[in-house]
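# Structural overview
Take a look at the letters that make up each chain.
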Amino acid sequence: MSRIAETFARLRAERQRALIPFVVAGDPDLDTTLEILRTLARVGADLIELGVPFSDPIADGPINQRAAQRALTMGVGLTDVLALVGKARADVRQPVVLLSYYNPILQYGLRRFCIDASSSGVDGVVIPDLPPDESEELLAAARPRKLDTIFLLAPTSTGDRIRFVAERSTGFVYCVSLTGVTGTRDRLPEDIRDLVRRIKSVTPLPVCVGFGISTPDHARQIAEIADGVIVGSAIVSLLETPERRLERLEAFVGDLRRAIDTVQVGEVRPS
Amino acid sequence: MSIETRKGRFGEYGGRYVPETLVPALEELEAAYERYVGDAEFQSELAYYLKRYCGRPTPLYFAHRLTQTLGGAKIYLKREDLLHTGAHKINNTMGQVLLARRMGKRRIIAETGAGQHGVATATAAAMFGMECEVYMGSEDMVRQELNVFRMRLLGAQVIPVETGSKTLKDAINEAMRDWVTNVRTTFYVIGSVVGPHPYPSMVRDFQSVIGREARAQIFEETGRLPDCLVACVGGGSNAMGLFHPFRDAGVRMVGVEAGGLGISTGQHAATLVAGAPGVLHGAYSYLLQDVGGQVHPTHSVSAGLDYPGVGPEHSFYKDSGRAEYVSVTDQEALEGFRLLAQTEGIIPALEPAHAVAYLRTLAPTLRPERSLILGLSGRGDKDVQHASRLLSP
């Protein structure tokens with residue numbers, strides 16, 4: 001069982017939902033990111049999603065674009081991110097999922113990437129511009145390394161697509177809450193409950209929801225319907241200003257944690 | 001020669017590397033395109049607008065003074081510069097906007113570099129009374145001020161893109177983000193043979209009218225096929241439109257890329273000459289990038305060629321040797337710009353001025369009984385102001 005699967009099995013047994021914060025590696029620099037990862041691990045993250053900076057992030061809104069740009073200015077690339085995860089492993093026991101666009105991984109070499117990622121302590125990978133239709137080579141490289149491949153589903157996904165994508169996902173399924181790019185929003189989309197239900201009806205995998213989840217109240221609402229809550233831009237935005245960065249991070253993630261934990265998780269579904 | 005080895009692939013190039021949100025939209029587009037590509041009514045409607053509204057067929061013109069000046073092969077110009085809106089771009093936007101109408105989409109978005117594709121999209125949208133928004137890098141808006149005004153006059157909204165290099169690449173990023181957000185109501189009119197499947201094939205098919213006409217015209221004029229085709233390549237739509245109908249004939253094809261300040265300076269946009277395969281904007285194709293897979297900033301005097309990617313079918317042509325790709329510098333392109341103006345009284349756009357410039361190298365190597373066709377993809381009105389700052393008359 002992968003570290004991600006173990007984490008969800010444990011959460012399920014404890015009737016808890018996963019909190020999955022997202023930050024961009026190298027924003028504002030690698031040393032700070034290391035401190036951020038340690039803080040996240042300490043204050044209640046169940047999994048951590050770590051962004052690999054890319055020059056042309058078409059699925060990201062302005063907040064994550066700026067973060068990637070800052071990291072690129074520092075010269076941070078995939079090699080540095082893998083080394084960072086290796087370093088963080090001394091203090092971080094939670095699963096780490098890399099979020100990277102496809103080209104940096106492709107240029108690194110798919111096989112080499114899967115070997116190096118798993119030996120650095122990376123547990124899974126999310127690639128927003130790689131639908132499973134194009135992922136045959138990646139899957140072949142990832143499976144023997146026990147690297148989970150987490151694919152995305154969106155409100156536009158048809159029933160056939162949901163089945164197809166879920167079948168190729170391991171670890172969990174990433175449910176994009178809205179038609180749009182990453183970023184903070186005032187409210188959650190209305191059809192999210194229905195989308196999660198449609199996904200859950202075809203797969204036993206945990207379903208985690210991301211995009212636009214901006215406040216503790218949003219996080220609580222998502223925790224009522226999904227197995228995990230992914231919070232990205234709201235955290236990345238908070239990290240943009242340097243003053244008392246880690247303290248503010250700790251406070252916000254703590255608020256998210258408490259909001260999620262107020263949810264009464266019902267019957268444990270047999271898996 | 002078999003071009004599309006499997007759906008949406010040219011050899012290993014192409015594919016559909018997009019966020020999941022767009023996959024159903026691309027499947028819908030593919031199905032609609034496959035349906036209408038063989039639909040007689042759709043094709044005759046498109047043919048009607050291309051003829052009566054856009055001004056097709058465009059002439060094939062024997063450039064006698066240019067031929068004389070350079071010495072060597074007879075040079076024919078395929079005059080896409082004479083089309084409505086001043087460039088080949090309208091062949092494609094007419095096709096895509098007609099398709100959008102059939103699909104019931106009311107809102108059109110597009111990206112633009114030089115502004116020609118934006119103008120051609122705004123034109124088609126105005127003619128059919130559709131809402132149109134065009135993304136354009138803020139640096140390109142400065143370089144192509146006149147086209148910004150034209151688009152606005154045509155009723156389109158021009159949205160400045162301030163991210164990254166503020167040029168075509170970033171305009172495409174922003175248009176894709178818009179499409180991800182408004183995918184249910186919006187048709188994204190991509191301006192070149194780039195992007196995820198089915199765009200490279202669809203845009204090529206709409207632009208192939210250039211090569212089909214040229215093939216018939218040169219045959220009528222000389223009684224045989226040309227020896228060589230020459231066209232500039234940014235994303236590569238005018239080149240592919242000219243090349244594709246000749247792909248099975250033994251005609252030499254040369255694509256001319258933007259060499260900027262010179263390949264060795266790194267300040268250029270010569271993707272096929274100096275790039276390596278990678279994934280950008282939905283397709284696997286040659287790409288200007290660093291070893292870590294980050295996309296390189298590019299430079300060209302011509303906004304329409306200032307792009308780090310290229311259509312996947314060109315990547316296939318390069319690897320298979322079907323076409324050859326070369327580059328000329330900004331300076332050489334400006335000389336080509338002046339050369340065509342002074343020998344033929346035709347001011348080309350800075351994009352095809354690159355192809356004109358390469359003729360100075362190519363034409364003298366071919367004997368006078370040989371002939372070549374140059375894809376004159378657009379006229380230079382839009383560039384006159386910009387060029388006047390770079391050239392002394």
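Let me sum up the structure you'll find in this document.

Calculation criteria
Residues numbered from 1 in each chain as written. Chains lettered and ligands numbered in written order. Predicted model: local features only at pLDDT ≥ 70, side-chain atom pairs only at ≥ 80, totals over all residues. Heavy atoms only, no water. 1 Å grid on protein atoms, 1.4 Å probe; cavity = no way out; pocket = protein on both sides within 12 Å on 5 of 7 lines; lining within 4 Å. Points joined across faces, edges and corners; volume = space filled by probe spheres on them. Helix = DSSP H or I, 4+ residues; strand = E, 2+ residues; numbered from the N terminus. Nonpolar A, V, L, I, M, F, W, Y, C, P; charged D, E, K, R; others polar. Core = buried A, V, L, I, M, F, W, Y, C linked by side-chain atoms within 4.5 Å. Buried < 20%, exposed > 50% of the residue type's maximum accessible area, 1.4 Å probe, protein only. Contact = heavy atoms within 4.5 Å. Salt bridge = Lys/Arg side-chain N within 4 Å of Asp/Glu carboxyl O. Expected span 1.5 Å × (residues − 1). Pairing = 2+ DSSP bridges. Axes fitted to C-alpha atoms, helices over the stretch in contact; angles between N-to-C directions. Phe/Tyr/Trp six-rings, centres within 6.5 Å; stacked < 30°, edge-to-face > 60°.

So, about empty space enclosed by the protein. All names here are of chain B. Following the criterion strictly, the structure yields eleven cavities of 30 Å³ or more and no others. As a volume, the largest cavity reaches approximately 340 Å³. His 88, Lys 89, Gly 304, Leu 305 and Glu 351 are the residues nearest the centre of the largest cavity, which is lined by 31 residues in total. At the level of secondary structure, the elements contributing two or more residues to the lining of the largest cavity comprise β6 (107-112), α5 (116-128), α8 (168-182), α11 (237-243) and α15 (350-362). Of the residues contributing to the lining of the largest cavity, the split by class is eleven nonpolar, 16 polar and four charged. Considering only enclosed or pocket space, the second largest cavity measures out at about 190 Å³ in volume.

This part is about the nonpolar core. Membership of the largest hydrophobic core comes to 128 residues, with the highest contact counts inside it found for Leu 50, Leu 98, Phe 113 and Phe 172 of chain A together with Phe 243 of chain B. Leave out the neighbours within four places in its chain, and Phe 243 of chain B touches Leu 229, Ala 231, Met 253, Val 254, Gly 255, His 314, Tyr 317, Ala 323 and Tyr 325 of chain B. If you look at the next biggest cluster of nonpolar residues, it comprises 65 residues, including Leu 22, Met 103, Phe 206 and Leu 287 of chain B.

Let us look at the pattern of salt bridges. Per the counting criterion, the structure on display carries 52 salt bridges over all chains. In this structure, the salt-bridge partner of Arg 244 of chain A is Glu 247 of chain A, at a minimum N-O distance of 3.3 Å. As a salt-bridge pair, Asp 306 of chain B and Arg 143 of chain B come within 2.9 Å of each other at their nearest N and O atoms. Taken together, the residues span a long stretch of sequence, with Asp 306 of chain B in the loop between β13 (283-287) and α13 (312-320) and Arg 143 of chain B in helix α6 (residues 138-143) at a distance of 163 residues. Overall, Asp 306 of chain B belongs to the buried group, its relative accessible area being 2%. Judged by relative accessible area, which is 12%, Arg 143 of chain B ranks as buried. Residues joined in a network through salt bridges with shared partners are Asp 27, Arg 66, Arg 70 and Glu 240 of chain A.

A separate point is helix α1 (residues 23-37) of chain B. Spanning 15 residues, α1 of chain B covers 21 Å between terminal C-alpha atoms, matching the ideal 21 Å at 1.5 Å per step. Taken together, the buried positions of α1 of chain B are Val 23, Pro 24, Ala 25, Leu 26, Leu 29, Glu 30, Ala 32, Tyr 33 and Tyr 36 of chain B. Taken together, the buried residues of α1 of chain B touch α8 (159-168) of chain A together with α2 (40-54), α4 (89-102), α8, β9 (186-189) and α9 (199-207) of chain B.

Another aspect to go through is the sheet that holds strand β3 (residues 96-99) of chain A. Residue and element names in this part refer to chain A. Taking strand neighbours across the sheet as the criterion, the nine strands line up as β5-β4-β3-β2-β1-β9-β8-β7-β6 in an open arrangement whose pairing is parallel. Pairing within the sheet leaves two strands with one partner each, and these edge strands are β5 (148-150) and β6 (152-153). As paired strands, strand β8 (residues 207-210) and strand β9 (residues 228-231) are joined by two bridges and run parallel to one another. Along β9, the bridge assignment pairs Val 209 with Val 229. Running over the sheet, helix α4 (residues 78-88) touches β2 (48-51) and β3 and is turned about 170 degrees from β3.

A few words on the packing of aromatic side chains. Summed over the entire model, instances satisfying the criterion amount to 15 aromatic pairs over all chains. On the numbers, 6.3 Å between centres and 85 degrees between planes, the contact of Tyr 108 of chain A with Phe 113 of chain A is edge-to-face. An identical accessibility class is assigned to Tyr 108 of chain A and Phe 113 of chain A; each is buried. Ring centres 6.2 Å apart and planes at 55 degrees place the aromatic pair Tyr 188 of chain B and Tyr 199 of chain B in the tilted group.

With that settled, the discussion passes to the environment of Leu 22 of chain B. Residue and element names in this part refer to chain B. Summarising the element assignment, Leu 22 is placed in the loop between β3 (13-14) and α1. Between the alpha carbons of Leu 22 and Pro 196 there is a distance of 9.9 Å; along the sequence they are 174 residues apart. The contacts of Leu 22, once residues within four sequence positions are left out, are Trp 179, Val 180 and Val 183.

Residues and elements named next belong to chain B. The six strands lie next to each other as β4-β5-β15-β10-β11-β14, forming an open sheet whose pairing is mixed. The sheet terminates laterally at β4 (60-62) and β14 (324-328), the two strands that pair on one side only. Sheet twist, expressed as the average angle between the axes of neighbouring strands with direction ignored, equals 25 degrees. With three bridges joining them, strand β10 (residues 228-232) and strand β15 (residues 371-376) adopt parallel strand pairing.

Coordinates in, geometry out; function isn't part of it.
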